[in-house]
Every structure is written in structure tokens, then in C-alpha cells.
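# Reading the structure
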Amino acid sequence: MEYIYAAMILHTTEQDINEENVTKILEAAGADVNESRVKALIAALEDVDIEEAMETTAMAAAPAAAAPADTVATPADSGADEEEEEENEEEAAAAATAGLGALFG
């Protein structure tokens, strides 16, 4: 996961996403760098529009963050509401993770 984060940091700071820069970030973070994983990441990102993929992932996670503010749970139904909310959060997290997976091949 740290390899993906390194690429996202480089993208956000408008730096070239290349083997040298990814390696520098990983080393600065104290990670053990595997050169073949760095090369695989760079190859996987070759044809990816990172900005578009990040926006798509952010949109998939946004519905989970928007909870109705005017809903008041009563003691009788609060357990069911909490369970449903947890399921929605899990689904949103799964969708966001799937989006990141698609982002990086």
C-alpha cells in the first residue's frame, strides 16, 4: 500500500511519478524498497489518469459520509439503524478499496 501512497504523494505535489522518486519517498518513510514492486507500479500507472481515478474513488466513498441529519433514532429501532449504518460504511469502504485497486491495475 505504501507504494500506492508514494505515487499519490508524487501526483499531488506535481512531481514525476518515476522509479527514482517513488524510491526516495519510500526510503524517507523508512520502508524497505523492493525494486521490482516499484517497477511494477510505474508500469501499471503508465496509462492511468490518476486524477480521474482519485475523483472516482472519492465519489464512491462520499455517499457513506452523507448521513441524514434529521433522523432521530428511538430506543426501539436504534440497534437496527446502527447495524444498517455499519453495513453502509462497510459497503462504502469496499467500494473505495475497489476503486483504488482499479486505479493501480
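Shown above is the structure to which this text applies.
Residues numbered from 1 in each chain as written. Predicted model: local features only at pLDDT ≥ 70, side-chain atom pairs only at ≥ 80, totals over all residues. Heavy atoms only, no water.

### Let's talk about the overall build of the protein chain
Helix and strand content of the protein chain: five helices and zero strands. Along its sequence from the N terminus, the protein chain presents helices and strands in the succession α-α-α-α-α. Counting the 105 residues in the protein chain, one finds 19% classified as buried. Put simply, of all contacts in the protein chain between residues at least 6 apart along the chain, 60% involve residues at least 24 apart. Carbon and sulfur atoms form 52% of the exposed surface of the protein chain, whose accessible area is close to 7300 Å². (Helix = DSSP H or I, 4+ residues; strand = E, 2+ residues; numbered from the N terminus. Buried < 20%, exposed > 50% of the residue type's maximum accessible area, 1.4 Å probe, protein only. Contact = heavy atoms within 4.5 Å. Areas by Shrake-Rupley, 256 points an atom, 1.4 Å probe, with all protein chains shown as cover.)

### What about the nonpolar core?
Core analysis: the biggest nonpolar cluster contains 11 residues, these being Y3, A6, A7, L10, V22, L26, V38, L41, I42, L45 and I50. The set of elements that each furnish at least two residues to this core consists of α1 (2–12), α2 (19–28) and α3 (35–45). Apart from the residues lying within four places of it in its own chain, the contact partners of A6 are V22, I25 and L26. (Core = buried A, V, L, I, M, F, W, Y, C linked by side-chain atoms within 4.5 Å.)

### Considering the packing of α1 against α2
Put simply, α1 and α2 touch, their axes get as near as 9 Å, and they point 115° apart. One finds that α1 runs roughly perpendicular with respect to α2. By crossing handedness, the relation of α1 to α2 is classed as right-handed. Touching E2, Y3, A6, I9 and L10 of α1 are N21, V22, I25 and L26, all from α2. The residue makeup of the contact of α1 with α2, split by class, is seven nonpolar, one polar and one charged. (Axes fitted to C-alpha atoms, helices over the stretch in contact; angles between N-to-C directions. Parallel < 35°, antiparallel > 145°, perpendicular 65-115°, else oblique. Left-handed = near helix turned anticlockwise from the far one by under 90°. Nonpolar A, V, L, I, M, F, W, Y, C, P; charged D, E, K, R; others polar.)

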